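Understanding the architecture of this molecule
Listed below are the residues making up each chain.
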Amino acid sequence: MSVEKIEVLVVGAGQAGLAMSGHLGQRGVPHLVLERSRIAERWRSERWDGLVANGPAWHDCYPGLEFPGYDPDAFVPKEKIADSFVAYAEKIKAPIRCGVEVKSVRKNEGRPGFRVETSQGAIEANFVIAATGAFQKPIIPALVPGSTGIMQIHSTAYRNPGQLPAGAVLVVGAGSSGAQIAEELMRAGRRVYLSVGPHDRPPRRYRGRDFCWWLGVLGKWDAAAPAEGREHTTIAVSGADGGKTVDFRNLAASGMTLVGRTEKFKDGVMHFAADLARNVAQGDANYLSVLDEADAFVARNGLDLAEEPEARLIGPDPACMTNPIREVNLADAGITAIIWATGFSSDYGWLQVDAFDAKGKPKHQRGVSSEPGIYFLGLPWLSRRGSSFIWGVWHDAKYLADHITTQRGYLAYKGPQENRTGNRQ
Ligand SMILES: Cc1cc2nc3c(=O)[nH]c(=O)nc-3n(C[C@H](O)[C@H](O)[C@H](O)COP(=O)(O)OP(=O)(O)OC[C@H]3O[C@@H](n4cnc5c(N)ncnc54)[C@H](O)[C@@H]3O)c2cc1C
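Keep in mind the model is a prediction, meaning the values are calculated, not measured.

1. Looking at the packing of aromatic side chains
One pass over the full model with this rule turns up 16 aromatic pairs. Aromatic side chains Trp214 and Phe297 sit 6.3 Å apart centroid to centroid with 90° between the ring planes, which places their arrangement in the edge-to-face category. Highlighted residues: Trp214 in helix H5 (residues 211-217) and Phe297 in helix H7 (residues 276-301), separated in sequence by 83 residues. With a relative accessible area of 0%, Trp214 lands in the buried category. Where Tyr348 meets Trp350, the ring centres are 6.2 Å apart and the plane angle is 55°; that geometry is what we call tilted. Taking the relative accessible area as the measure of exposure, Tyr348 reaches 8% and is therefore buried. Ring pairs connect the aromatic residues Tyr62, Phe85, Tyr88 and Trp394, which therefore count as one cluster. A cation over an aromatic ring shows up here: Arg366 above the ring of Tyr399, its NZ or CZ 3.7 Å from the ring centre.

Written as structure tokens, this is what we have:
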């Protein structure tokens with residue numbers, strides 16, 4: 001039986017797969033994008049109803065991606081972001097097949113390329129790009145048994161406050177998702193406990209510029225790795241309500257109960273680390289450091305950006321910081337739901353090639369994997385801090401498209417001992 005052959009196979013039609021298709025198309029490289037669901041599916045079905053982009057439209061985009069009807073400084077709602085990716089795919093005539101899942105990719109033995117098994121038959125490809133997302137498998141720590149009767153969902157399954165049973169809610173994790181979901185619930189009249197771990201929380205705006213701009217001019221989006229001695233730290237930012245700085249002190253002053261990192265659950269009681277004050281203080285330090293660097297940048301370049309001394313005012317420590325709550329009996333507190341905004345792990349079970357280390361982490365340099373012909377795209381810190389964001393993935397996709405073009409050039413080369421029709425002499 002003949003097998004379909006394609007030069008480059010891109011797996012996944014999110015922003016990464018589309019950016020890849022854009023760059024390959026520009027270079028005339030034959031390719032196919034397979035998407036198991038719909039274009040930009042995660043923006044539609046794995047995000048809460050009220051989510052808007054974390055960055056303004058002028059920043060959270062790539063060339064050719066447009067948000068009709070939105071001001072460049074607006075924060076685009078997630079459905080509109082998905083619509084824009086669909087429109088982009090149509091505009092560039094991306095060769096996408098939706099509803100086709102890639103089940104496995106294996107190296108061909110003794111000859112170039114890969115055999116790809118899909119839900120709709122086999123394909124052979126010379127190059128395969130894994131663009132299946134940075135945020136693949138929701139992580140829910142196995143702390144609270146299902147038998148407690150408390151509703152437990154990951155932030156990807158949260159839609160809106162009405163979905164939760166009446167009662168108080170514990171939100172675990174205070175990155176961009178946890179902090180925004182917790183505030184939405186509090187505004188809907190819920191009593192909310194928020195478990196806050198280490199985080200960065202840059203100012204939404206300072207001296208008239210959005211933090212996306214500041215991180216850009218200060219070179220922070222381009223940082224190749226997390227700061228010395230620090231693991232990747234979640235950034236707590238929000239585009240909600242026209243965009244505002246995430247301020248945990250303000251949230252506490254508005255009635256939210258903050259607790260430290262969630263440690264364990266025993267006999268109906270959730271236990272929290274004694275690190276709340278430290279985590280909030282580190283977030284404040286990060287906030288102030290961006291202001292300092294921004295001020296220095298303004299001074300060095302003589303920019304005409306009005307000073308904003310009030311941005312340096314940090315509110316008082318709320319009672320939950322000075323007198324930390326280390327234990328909460330969930331039933332006594334009326335907690336009927338836990339939302340785990342605790343991040344994601346990857347799932348590359350389908351990619352059965354020599355491109356992973358002993359812990360299953362992709363082995364790659366700027367997305368070029370240790371298995372020639374296999375590429376990763378869209379991962380956090382793939383080449384820089386911006387790599388997993390809409391605008392950042394564009395640059396990484398360009399690099400991979402250039403790499404593939406170069407490799408195709410090598411593979412097409414005929415040496416002097418071969419005639420140029422491909423026969424050995
Ligand atoms: C809550 C949240 C908010 C975010 N907000 C922003 C923001 O405001 N701005 C920003 O720049 N970034 C944001 N991000 C980060 C990033 O932009 C998104 O996570 C984005 O969806 C990642 O795009 P991607 O193309 O890399 O992966 P995904 O969007 O995850 O796309 C991967 C695609 O691959 C498909 N797929 C997976 N496995 C297979 C398979 N085996 N076969 C075929 N298809 C497969 C999936 O169905 C999916 O459609 C946010 C992330 C989260 C979690």
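Next, the rest of the story.
2. Side note on the packing of helix H1 (residues 15-26) against helix H3 (residues 78-91)
The contact between H1 and H3 brings their axes to 11 Å, and the two run at 20°. Comparing their axes, H3 and H1 come out roughly parallel. For the crossing formed where H1 meets H3, the hand is left-handed. Of H3, the residues touching H1 (which contributes Gln15, Leu18 and Gly22) are Phe85, Tyr88 and Ala89. Of the residues in the contact of H1 with H3, the class split is four nonpolar, two polar and no charged.

3. Focus: the sheet that holds strand S13 (residues 257-259)
Spatially, S8-S17-S9-S10-S13 is the arrangement adopted by the five strands of the open sheet, whose pairing is parallel. Each edge of the open sheet carries a strand with a single partner, namely strand S8 (151-154) and S13. The mean angle between the axes of side-by-side strands here comes to 20°, regardless of whether they run parallel or antiparallel. Relative to strand S17 (residues 335-340), strand S9 (residues 168-172) is paired through five bridges, and the arrangement is parallel. Across the sheet, Val171 pairs through a bridge with Ile339, a residue of S17.

4. Things to note about the site of the ligand
Taken together, 29 residues sit near the ligand, with Glu35, Arg42, Asn54, Asp60 and Ile390 positioned nearest. Separating a nitrogen atom of the ligand from a backbone N or O atom of Arg36 is a distance of 3.1 Å. Within the backbone of Ile390, a nitrogen or oxygen atom sits 2.8 Å from an oxygen atom of the ligand. When isolated, the ligand has an accessible area of 980 Å², and the protein chains bury 95% of it. Elements represented by at least two residues in the shell around the ligand include exactly H1, strand S2 (31-35) and helix H2 (41-45). Here the shell around the ligand takes three residues from H2, the largest share from any one element. Split by residue class, the shell around the ligand holds 14 nonpolar, eight polar and seven charged.

5. Considering the nonpolar core
With 93 residues, the main nonpolar core has Met20, Tyr62, Phe85, Val105, Ile129, Phe248 and Leu351 as its most contacted residues. With seven residues, helix H9 (residues 390-412) is the largest single contributor of residues to this core. For Met20, the contacting residues outside a window of four places in its chain are Val10, Ile129, Leu377, Ala397, Leu400, Ala401 and Ile404. Listed in part, the 16 residues of the second largest apolar core include Val172, Val259, Met270 and Phe272.

6. Side note on the pairing of strand S1 (residues 4-11)
Within S1, six of the eight residues are buried, which leaves the element mostly enclosed by the surrounding structure. Sheet topology places S1 next to S2; four bridges connect them, and they run parallel. Along S2, the bridge assignment pairs Leu9 with Leu32. Handedness of the S1-H1-S2 crossover: right-handed.

7. What to know about H7
Counted at 1.5 Å a residue, the expected span for H7 with its 26 residues is 38 Å, and the 38 Å between its end C-alpha atoms agrees. Restricting attention to buried positions, one finds in H7 the residues Leu276, Asn279, Val280, Gly283, Asp284, Asn286, Tyr287, Val290, Leu291, Ala294, Phe297 and Val298. Buried residues along H7 sit in contact with strand S11 (205-206), H5, helix H6 (248-253), S13 and helix H8 (319-322).

Definitions and limits used
- Every chain begins its residue count from 1, and numbering advances along the sequence as written.
- Local features in this predicted model are restricted to residues whose pLDDT is 70 or higher, and side-chain atom pairs enter the listing and the counts only when it is 80 or higher, whereas totals over whole chains, interfaces and linings include all residues.
- With hydrogens and water stripped out, all remaining heavy atoms of the structure feed into the side-chain values.
- Two aromatic rings, drawn from Phe, Tyr or Trp (for Trp, its six-membered ring), form a pair once their centres lie within 6.5 Å of each other, and the interplanar angle then sorts them: stacked below 30 degrees, edge-to-face above 60, tilted otherwise.
- Only DSSP runs of H or I with at least four residues qualify as helices, and only runs of E with at least two residues qualify as strands; both kinds are numbered from the N terminus onward.
- Only protein chains enter the accessibility calculation, which uses a 1.4 Å probe. A residue is then buried if its area is under 20% of the maximum for its type, exposed if over 50%, and partly exposed in between.
- When the NZ atom of lysine or the CZ atom of arginine is within 6 Å of a ring's centre and also within 35 degrees of its normal, the charge is said to sit over that ring.
- Inter-axis angles, ranging from 0 to 180 degrees, are taken between N-to-C directions of lines fitted to C-alpha atoms, where helices are fitted over the stretch in contact.
- In what follows, roughly perpendicular refers to angles from 65 to 115 degrees, roughly parallel to angles under 35, roughly antiparallel to angles over 145, and oblique to any angle outside these ranges.
- Two helices that cross are described as forming a left-handed crossing if the nearer one is turned anticlockwise from the farther one by less than a right angle, and a right-handed crossing if clockwise.
- In what follows, a contact means two residues having at least one pair of non-hydrogen atoms within 4.5 Å.
- Only Asp, Glu, Lys and Arg are considered charged, only Ala, Val, Leu, Ile, Met, Phe, Trp, Tyr, Cys and Pro nonpolar, and every remaining residue, Gly among them, polar.
- A pair of strands is treated as paired once DSSP finds two or more bridges between them.
- Only a single heavy atom is needed: when it lies within 4 Å of a molecule or strand, its residue is near that molecule or strand.
- For this analysis, a polar contact is any N or O atom pair within 3.5 Å, provided that within protein one partner can donate a hydrogen and the other can accept it, and provided that sequence-adjacent residues contribute only side-chain to side-chain pairs.
- All accessibility values rest on the Shrake-Rupley procedure with a 1.4 Å probe; residue burial counts only the protein chains present in the view.
- Think of a nonpolar core as a cluster: buried Ala, Val, Leu, Ile, Met, Phe, Trp, Tyr and Cys residues, connected wherever their side-chain atoms sit within 4.5 Å.
- We call a crossover right-handed when, viewed with both strands directed away from the observer, the connection leading from the first strand over the helix to the second proceeds clockwise.
- The span one expects for a helix is its residue count, reduced by one, times 1.5 Å.

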